[in-house]
Amino acid sequence: SARFVAARPLAGGRLQAGLDVITRFDLQSIFSQIRYAGDAETISRVDIFPAIDDADKLDTGLFATWSRALAERISLGLGARGDYVETENSGGYFGDRSTDTTAFSGNAALAFGPYEGWTTTAQVARGFRSPSLSDRYFRGPSGRGFVVGNPDLEEETSLQFDLGTRWRNARTAVAFFAYHYDIDNLIERYSAGDNFQFRNRGKGTVEGIEAEVQTTIAEDWSLEAGLAVSDGGTDGDAEIDDIAPPNGWVTVRYSFTRAYAFGRVTTFLSHDEPGPNEFERPGYTLFDLGAGYRFSEAIEMRVTARNVGDKRYYSTPDNAADLAAGRVVSLAVSGRF
């Protein structure tokens, strides 16, 4: 990839404009099997077929952003981008195929702070996502089962609304965020018998709220906490994948001259609205502990124990997911030179 950017003052604000070039080329994927003979010693590798023989993708984008202060505590930001995306596949399972598309995206954001220490930002944006080469042209085994791509996939586009507000004083910071995203031509992985395939599902919606707080309890003690609630679905009221259940966390930290220690509790409620490739999963709570010691300004040692209670839970609600790692203890030494 390469990016070229130029900037200059314009109309009381700052203009940035540039060119992005992002490419993936000479992609090849071979579907092979390792076979064991009856004596369990003779091993042979057989290349069944190239899942992708030769594929390329080129994304060329022109972009510009402009921002300026409108008043003492009000600022405006604008952005626009145009992309031309080409893909080409030669040979492999899907044979000779090619696509090209033009996509436009942009955003407008207004930040205002009517009170000391308080800032609110509202943004509306238009985005797009181009299918990857694997989404289009791959066919073969993966970590989620046997996958068959779809060379006829169309690009996702989205209309996004974001609202964030933050307040801070000498000891405490509070933040609240809300978002609502409408997605057209939602790209979805779905099961078809024993295989997984890709399709454009139609319209999808993702929305949610998040809240965070950081505060100093005493001279050496601090607390951080967060909460996230999200929801998603299609225009036909069907659930979609990768929507996390309501979750929250609390971290208590104690710091003194050269050392610190912390404890964290993270809770996920039950996942009872699974998507098309997910199962219902029970909720779980994890406990983490950690500490660190600074030998000097340049050298620090850290020890972290995650999932101290050795809780058994699935790493994701995906129907092909394995159990997550149990208790994990790590020791690290970092140096600054």
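See above for the structure.
Residues numbered from 1 in each chain as written. Predicted model: local features only at pLDDT ≥ 70, side-chain atom pairs only at ≥ 80, totals over all residues. Heavy atoms only, no water.

Quick look at the sheet that holds strand S12 (residues 195–200) now. By way of backbone hydrogen bonds, the strands of a sheet pair with one another, either parallel or antiparallel. Sheet architecture is open: 4 strands sit in the order S7-S8-S12-S11, paired in mixed fashion. The outermost strands of the open sheet, each flanked by one partner alone, are strand S7 (139–142) and strand S11 (187–192). Averaged over neighbouring strand pairs, the angle between their axes works out to 35 degrees when direction is ignored. Here S7 runs beside strand S8 (residues 145–148); their pairing, made up of 4 bridges, is antiparallel. Along S8, the bridge assignment pairs Ser142 with Gly145. (Pairing = 2+ DSSP bridges. Helix = DSSP H or I, 4+ residues; strand = E, 2+ residues; numbered from the N terminus. Axes fitted to C-alpha atoms, helices over the stretch in contact; angles between N-to-C directions.)

Another point: a negative patch on the surface. Among the surface-exposed residues, Glu207, Asp231, Asp272, Glu273 and Glu280 lie close enough to one another that they form a single negatively charged patch. By secondary structure assignment, the location of Asp272 is in the loop between strand S16 (259–268) and strand S17 (284–294). (Patch = residues over 30% accessible without salt bridge, like charges linked within 9 Å, V, L, I, M, F, W, Y side chains within 5 Å. Areas by Shrake-Rupley, 256 points an atom, 1.4 Å probe, with all protein chains shown as cover. Salt bridge = Lys/Arg side-chain N within 4 Å of Asp/Glu carboxyl O. Lys, Arg positive; Asp, Glu negative; His and termini not counted. Charge placed at Lys NZ, Arg CZ, Asp CG, Glu CD.)

All right, on to unusual backbone geometry then. One non-glycine residue, Asp237, adopts positive backbone phi at about 65 degrees. Secondary-structure assignment places Asp237 in the loop between strand S14 (221–234) and strand S15 (247–255). The exposed category is assigned to Asp237, whose relative accessible area is 71%. (Buried < 20%, exposed > 50% of the residue type's maximum accessible area, 1.4 Å probe, protein only.)

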